[in-house]
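If you want the building blocks of each chain, they are given just below.
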Amino acid sequence: LLCFSGDHLKVCSQGYTCCSQEMEEKYSQQSKHDFRNAVVELSNHLQTMFSSRYKKFDEFFKELLENAEKSLNDMFVRTYGRLYMQNSELFKDLFVELKRYYVGGNVNLEEMLNEFWARLLERMFRLVNPQYHFTDEYLECVSKYTEQLKPFGDVPRKLKLQVTRAFVAARTFAQGLAVARDVVSKVSAVNPTPQGTRALLKMMYCPYCRGLVSVKPCYNYCFNVMRGCLANQGDLDTEWNIFMDSMLLVAERLEGPFNIESVMDPIDVKISDAIMNMQENSMQVSQKVFQGCGQPKTLAQGRTARSVSESGFSARFRPYNPEERPTTAAGTSLDRLVTDVKEKLKQAKKFWSSLPGNICNDEKMSVGTVNENECWNGSAKSRFGDLTSSFYKCRNIHALASFSPAAFCKQSITLQMAEEDSVCLSPTGEESSGEESGSGCELQQCSPEFEFNATEVTGNSNKSDKNVNTSAATRSGLSQAALLLSILFLAMQRQWR
């Protein structure tokens, strides 16, 4: 190697050197590249995990809905034939709204289900009373008696409770996986400032300029530099861990009382039970409706006979046999999916605070915890002594990030707290009546996507303030996501008691 005086160097030692100014600049760019790659390499595994689990859950939930709709259609066609097919749009609309809610639509589940049962009552009331003519106004009066007469028994109330909590939990959990994926993607996109680049160059490539090509940085030296350059990521660790814990709480609920698979798999049988209950009590229901809405006009004899013949509503469903029904969607079951993702969520905790150490554990980045006397300490081949000095030098040289978890901000959570009492829980924790907003309530001020801004920090006092504020915004964003999941869990817990 050709070595000479290093007076021309800007970062590396200006003593005896083997680097030209151009070489130092190339090493500077390479150090940034190596740093980014080191962060991305570790983060990609976590991001891929969240991405793949989100896709699997999303595929499962959507296929579960498709299977439930197909099963109901097949059963009702076998049982009622043309009679069902003439009214099939009622059931199609039910599944359209359930799917729309899951993918993020502004659907009030409670109101939607109430509307379904009211429409079903109108259709069935005509069928069990074919000798009468009913106007639209009369049928509207009939629908008002749905709650009072309970023509379908207790099925609507129970199904509304089960569907609401299962779909809120399923949608929130799927969105949580997507949020975690996007957080990892955004926060791992590091861009060191000029000061940070100098610290990285000094650690990674300045020994090359001294002819110490085979000498790697000391572990503690590497750890200090990385801990400083990834300080904001480390600051996220508390909120990230709360977020992961909240996801685990919702996952546990998905395994138990909020299992959407156990709700949707037999939904056709539950609706059939309600229809049979209406058949068995049709006379009593009709008499009470006639008392409240008035006596309807009787159809002509010929038309009555044809109506009874064409729409006689005597078919009954055969008993439900669980062994005959498919119990999986997307080639798996919810229990298997949740068991797998719970383990991954536990492993994802403390990811950001562990990142500096994990980077330096790579043999390409440092000597590790052995040979501590034969490593590069920033100025020579020797032991690195002070564990904190580099950390504080590098503390304010990293890129800052702020984001708002819009996927969670958009979804306010409504859960029926008792039979006739519901509450809308927003990400801020404020309560409002659920009677009007229901599970479709929405925060209009939410941003449509994550906001992410990288800021370089200098020694200017105003910039320093911006450092503090932006860092706080970063933590606040994750806190909102964790808070919302925590609220969901607490509300579910109260509901289940």
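Going by the structure above, here's the rest.
Analysis parameters
Residues numbered from 1 in each chain as written. Predicted model: local features only at pLDDT ≥ 70, side-chain atom pairs only at ≥ 80, totals over all residues. Heavy atoms only, no water. Helix = DSSP H or I, 4+ residues; strand = E, 2+ residues; numbered from the N terminus. Buried < 20%, exposed > 50% of the residue type's maximum accessible area, 1.4 Å probe, protein only. Contact = heavy atoms within 4.5 Å. Areas by Shrake-Rupley, 256 points an atom, 1.4 Å probe, with all protein chains shown as cover. Disulfide = S-S within 2.5 Å. Core = buried A, V, L, I, M, F, W, Y, C linked by side-chain atoms within 4.5 Å. Axes fitted to C-alpha atoms, helices over the stretch in contact; angles between N-to-C directions. Parallel < 35°, antiparallel > 145°, perpendicular 65-115°, else oblique. Left-handed = near helix turned anticlockwise from the far one by under 90°. Nonpolar A, V, L, I, M, F, W, Y, C, P; charged D, E, K, R; others polar. Arc of directions from axis to C-beta. Salt bridge = Lys/Arg side-chain N within 4 Å of Asp/Glu carboxyl O. Expected span 1.5 Å × (residues − 1). Phe/Tyr/Trp six-rings, centres within 6.5 Å; stacked < 30°, edge-to-face > 60°.

Participant: Mind showing me how you'd approach the overall build of the protein here?
Facilitator: Looking only at helices and strands, one finds 22 helices and seven strands in the protein. Taken across its 497 residues, the protein has 52% of its residues classed as buried. Within the protein, contacts between residues separated by at least 24 positions form 82% of all contacts whose residues are at least 6 apart in sequence. Of the roughly 23500 Å² of accessible surface on the protein, a fraction of 47% belongs to carbon and sulfur atoms.

Participant: What should I look at first to understand the state of the cysteines in this one?
Facilitator: One covalent bond between the sulfur atoms of two cysteine residues makes up a disulfide. All chains considered together, the criterion is met by three disulfides. Sulfur-sulfur distance for the disulfide between Cys 141 and Cys 293 comes to 2.0 Å. Judged by the sign of its S-S torsion, about -90 degrees, the bond between Cys 141 and Cys 293 is left-handed. Remark: Cys 293 occurs in helix 15 (residues 282-293) and Cys 141 occurs in helix 5 (residues 136-143); sequence separation between them is 152 residues. As far as burial versus exposure is concerned, Cys 141 and Cys 293 are alike and both buried.

Participant: It is not clear to me how the nonpolar core should be interpreted in this structure. Could you clarify?
Facilitator: Across soluble globular proteins, nonpolar side chains show a tendency to be buried alongside one another. Judged by nonpolar contacts, the single largest core of 119 residues is most densely connected at Phe 50, Phe 173, Met 226, Trp 240, Met 264 and Ile 271. Broken down by element, the residue count for this core peaks at 17 residues, all from helix 1 (residues 21-80). Setting aside residues up to four positions removed in sequence, Met 226 forms contacts with Phe 35, Leu 200, Met 203, Met 204, Pro 356, Ile 359, Cys 360 and Met 365.

Participant: Honestly, the packing of helix 4 (residues 109-128) against helix 14 (residues 267-280) in this entry has me stumped. Any pointers?
Facilitator: Running from amino to carboxyl end, helix 4 crosses helix 14 at an angle of 40 degrees, the nearest separation of the two axes being 11 Å. Classified by the angle between their axes, helix 4 and helix 14 sit oblique to one another. In this structure, helix 4 crosses over helix 14, and the sense of that crossing is right-handed. Of the residues in helix 14, those in contact with Phe 116, Trp 117, Leu 120, Leu 121, Met 124, Phe 125 and Val 128 of helix 4 are Ile 271, Ala 274, Ile 275, Met 278 and Gln 279. Of the residues that constitute the contact of helix 4 with helix 14, the class distribution is 11 nonpolar, one polar and no charged.

Participant: When you look at helix 8 (residues 194-204) in this model, what are you seeing that I'm missing?
Facilitator: In an α-helix, one turn spans 3.6 residues, which is why side chains three or four residues apart end up on the same side. Restricting attention to buried positions, one finds in helix 8 the residues Gly 196, Thr 197, Leu 200, Leu 201, Met 203 and Met 204. Projection of helix 8 onto a plane perpendicular to its axis shows the buried side chains occupying an angular sector of 165 degrees, all on one side. Against the buried residues of helix 8 lie helix 1, helix 9 (206-209) and helix 10 (219-229).

Participant: I keep staring at the pattern of salt bridges and nothing clicks. Help me out?
Facilitator: Two side chains bearing opposite charge may form a pair once their charged atoms approach each other closely. Counted according to the given criterion, the structure contains 12 salt bridges. Across the pair Lys 99 and Glu 69 runs a salt bridge whose closest N-O atoms are separated by 2.8 Å. With a gap of 30 residues between them, Lys 99 in helix 3 (residues 88-102) and Glu 69 in helix 1 connect regions that are remote in the sequence. We classify Glu 69 as buried; its relative accessible area is 19%. Between Arg 119 and Asp 93 there is a salt bridge, with the nearest N and O atoms lying 3.2 Å from each other. On the criterion of sequence distance, the pair formed by Arg 119 in helix 4 and Asp 93 in helix 3 is long-range, its members being 26 residues apart. If you follow the salt bridges from partner to partner, you end up with Glu 66, Glu 69 and Lys 99 in one network.

Participant: Explain helix 3 here, please?
Facilitator: The end-to-end C-alpha separation of helix 3 is 22 Å, in line with the 21 Å expected for 15 residues at 1.5 Å each. Turning to helix 3, its buried residues number three or more, namely Ser 88, Leu 90, Phe 91, Leu 94, Phe 95, Leu 98, Tyr 101 and Tyr 102. Taken together, the buried residues of helix 3 touch helix 1, helix 2 (82-85), helix 4, helix 7 (155-187), helix 13 (260-264) and helix 14. Where helix 3 terminates, the next one or two residues include Gly 104, which has phi positive at roughly 110 degrees.

Participant: Quick question: what am I supposed to make of the packing of aromatic side chains here?
Facilitator: Each aromatic ring pair is specified by the distance between its two centres and by the angle formed by the two planes. A complete count under the given rule lists 24 aromatic pairs for this structure. With 5.1 Å between their ring centres and 65 degrees between their planes, Phe 57 and Phe 173 make a pair best called edge-to-face. Taken together, the residues Phe 57 in helix 1 and Phe 173 in helix 7 connect sequence positions 116 residues apart. The two residues Phe 57 and Phe 173 agree in class, both being buried.

Participant: Just checking my understanding: could you explain the packing of helix 4 against helix 7 for this structure?
Facilitator: The geometry of a pair of packed helices is captured by two quantities: the angle between their axes and the separation between those axes. Packing of helix 4 against helix 7 brings their axes to within 10 Å, and their N-to-C directions diverge by 145 degrees. For the element pair helix 4 and helix 7, the recorded crossing hand is right-handed. Contacts between helix 4 and helix 7 involve Leu 109, Glu 110, Leu 113, Asn 114 and Trp 117 on the former and, on the latter, Val 155, Pro 156, Leu 159, Lys 160, Val 163, Thr 164 and Phe 167. Within the contact of helix 4 with helix 7, the residues separate by chemical class into eight nonpolar, two polar and two charged.

Participant: Sorry if this is basic, but what is going on with the environment of Ala 166 here?
Facilitator: Within the secondary structure, Ala 166 sits in helix 7. Residue Ala 166 is classed as buried on the basis of its relative accessible area, which comes to 0%. Separated by 95 residues in the primary sequence, Ala 166 and Glu 261 place their C-alpha atoms 8.6 Å from one another. What Ala 166 contacts, discounting residues up to four positions off in sequence, is Phe 258, Asn 259, Ile 260 and Val 263.

Participant: Honestly, unusual backbone geometry in this entry has me stumped. Any pointers?
Facilitator: Excluding glycine, most residues fall at negative phi; most peptide bonds, likewise, are trans. Phi is positive for Lys 150, which is not a glycine, with a value near 50 degrees. According to the relative accessible area criterion, Lys 150 is partly exposed, its value standing at 45%.

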